[in-house]
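Notes for the structure review
So the chains spell out like this:
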Amino acid sequence: MAAVILQKNQIIKKNTTFPVISVVVPTYNESEVIGHRIKNLKDINYPTDKIHAIVVDDQSSDKTVELAKSAFKKYNISGEVIIKEKRTGTNASVNLGVSKAKTDIVVTTDADVTFEADALNYAISRLLSDENIGAVCGELEPIVKKNSFTTSSEKAYRTVYGKICKWESNIHSTYCFNGPLIVLRKKAFSPIPETHGASDAGIALRIIRNGYRCVYESSAKFYEYITGDFSQQRRQKLRRSARLLEATIYNMDLISPKYGKFGLFVFPLRILMFFVVPIAFFTSVILWSYLFAQINLVYGIVVLIAFFLALISGNWHSNLVSSFIWHQIYLLLSMKRMFRGMHVWKAIERKKV
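A short tour of the structure in this document, coming up.

Definitions and cut-offs
Numbers given to residues run from 1 along each chain, matching the order in which its sequence is written. Given that the model is predicted, a residue must reach a pLDDT of at least 70 before its local features are reported, and side-chain atom pairs must reach 80 or more before they are shown or counted; all residues, however, enter totals for whole chains, interfaces and linings. With hydrogens and water stripped out, all remaining heavy atoms of the structure feed into the side-chain values. At least two DSSP bridges between two strands are needed for those strands to be called paired. Secondary structure elements follow DSSP: runs of H or I of four or more residues count as helices, runs of E of two or more count as strands, with numbering from the N terminus. Fitted lines through C-alpha atoms give the axes, limited to the stretch in contact for helices. The angle between two N-to-C directions lies from 0 to 180 degrees. For this analysis, residues touch if any pair of their heavy atoms sits within 4.5 Å. The buried label applies to any residue whose accessible area, calculated with a 1.4 Å probe on protein chains only, is under 20% of its type's maximum; exposed applies above 50%, and partly exposed to all values in between. It is the directions from the helix axis to the C-beta atoms whose arc is reported. Distance thresholds for patches are 9 Å for like charges and 5 Å for nonpolar side chains (Val, Leu, Ile, Met, Phe, Trp, Tyr), applied to residues having over 30% relative accessible area and no salt bridge. Reported accessibility uses the Shrake-Rupley method at a 1.4 Å probe radius. Residues are deemed covered only where the shown protein chains occlude them. In the sections that follow, a salt bridge refers to a side-chain nitrogen of Lys or Arg positioned within 4 Å of a carboxyl oxygen of Asp or Glu.

Whether parallel or antiparallel, the strands of a sheet pair through hydrogen bonds between backbone atoms. Spatially, the 8 strands line up as an open sheet ordered 3-2-1-4-7-6-8-5, and their pairing is mixed. Two strands close off the open sheet at either side, each with one partner strand: strand 3 (78-83) and strand 5 (113-115). Strand-to-strand twist across the sheet, computed as the mean angle between neighbouring axes with direction ignored, equals 25 degrees. Pairing of strand 6 (residues 133-143) with strand 8 (residues 213-225) involves 9 bridges; the strand directions are parallel. Paired with glutamate 141 across the two strands is tyrosine 223, which belongs to strand 8. Across the sheet, helix 1 (residues 34-43) touches strand 1 (21-27), strand 2 (51-57), strand 4 (105-109) and strand 5, and the angle it forms with strand 5 is around 10 degrees.

Dropping the structure here:
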């Protein structure tokens, strides 16, 4: 297959052969967004006749199933809806959807995101550029409809997240995938655990375990609405963090030369980042406050005030310091939530983007 896109803004060659793909969309009460999600598959720069959508519904209580079927007809998209017999969560939906796919390349996505026009072209081109690559994930572009502390924090976080993942990909692999856009080789995939771990991290870790690389492609962009409600963001962040930590714990055996530079460098560094850094950071804040208080109580109070001001500074201006502290808080709190069986959950508010 000729390269789809090699550089940003490069025109797709007319002789390019687009592979037939399956797009798996796990759903649960997505009536607000499912029609828009399927329409987006029609609107992107990828031949509609090369796309087969598989909606795997997790016992929705709204009109998700009916609206999905209607959208397939309305937008002339080849698709099917699989209704699970009982609600078992996203991981089980991903396993079922990929198992039903009849194509060599499978895309997994979410119902509440929108692909940029050439997102799939960039991701598939990267996947096919190297037989050792088993999966590629795209880059999230936050959509903010109401400015708030939560949206400022997320925007700051995203300025470094992709850079870290790209650096890991250049070394070998990253497993901190963005679940709403993952393109994978079906032969590289094996079922992920259904009752623990994040689905996106689970996919990447299984593929790495199977001897392939997992890479981050920043040109493959998709858009996702970021809630402006702190309580919803907190719930989302804690759930995502806990499931990511859980996936990491269950795959500790990947720290091995058997998995190349991923096992020797990337994975150990992520473990330090997820488990050691949050504990060390807050321990250091407490110790510095105590040490300065021993000199003068006022000094100790000043240290705590400085920490508090840094924590809430994101309320006035998006910055990495505030975002970093909040994400350390989420990681620390999530350690208590691991192994609680959060594979079945209620999504936050849904918005079209």
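Further remarks concern helix 2 (residues 64-74). Among the residues of helix 2, those classed as buried are Thr64, Val65, Ala68, Ala71 and Phe72. Down the axis of helix 2, the buried side of the element spans an arc of 130 degrees, and every buried residue falls inside it. Those residues of helix 2 that are exposed and angled more than 90 degrees off the buried face are Lys73 and Lys74. Those residues of helix 2 that are buried are in contact with strand 1, helix 1, strand 2 and strand 3. Taken from the residues just after helix 2, asparagine 76 is the one with a positive phi, measuring 55 degrees.

With that out of the way, let us pick up the environment of phenylalanine 308. Note on placement: phenylalanine 308 falls in helix 9 (residues 297-312). For phenylalanine 308, a relative accessible area of 48% corresponds to the partly exposed category. Along the chain, phenylalanine 308 and serine 322 lie 14 residues apart, while their C-alpha atoms are 9.5 Å from each other.

It is worth spelling out helix 1 at this point. Looking at helix 1, one finds that the buried residues are Ile34, Arg37, Ile38, Asn40 and Leu41. What you see down the axis of helix 1 is that its buried residues fit within an arc of 145 degrees, all on one side. Those residues of helix 1 that are buried are in contact with strand 1, strand 2, helix 2, strand 4 and strand 5.

Attention now moves to a nonpolar patch on the surface. A surface patch of nonpolar side chains, amounting to about 840 Å² of accessible area, comprises Trp288, Tyr290, Leu291, Phe292, Ile295, Val298, Tyr299 and Val302. Broken down by secondary-structure element, the contributors of at least two residues to the nonpolar patch are helix 8 (260-295) and helix 9.

Fair warning: the whole summary comes from geometry, so function is off the table for now.
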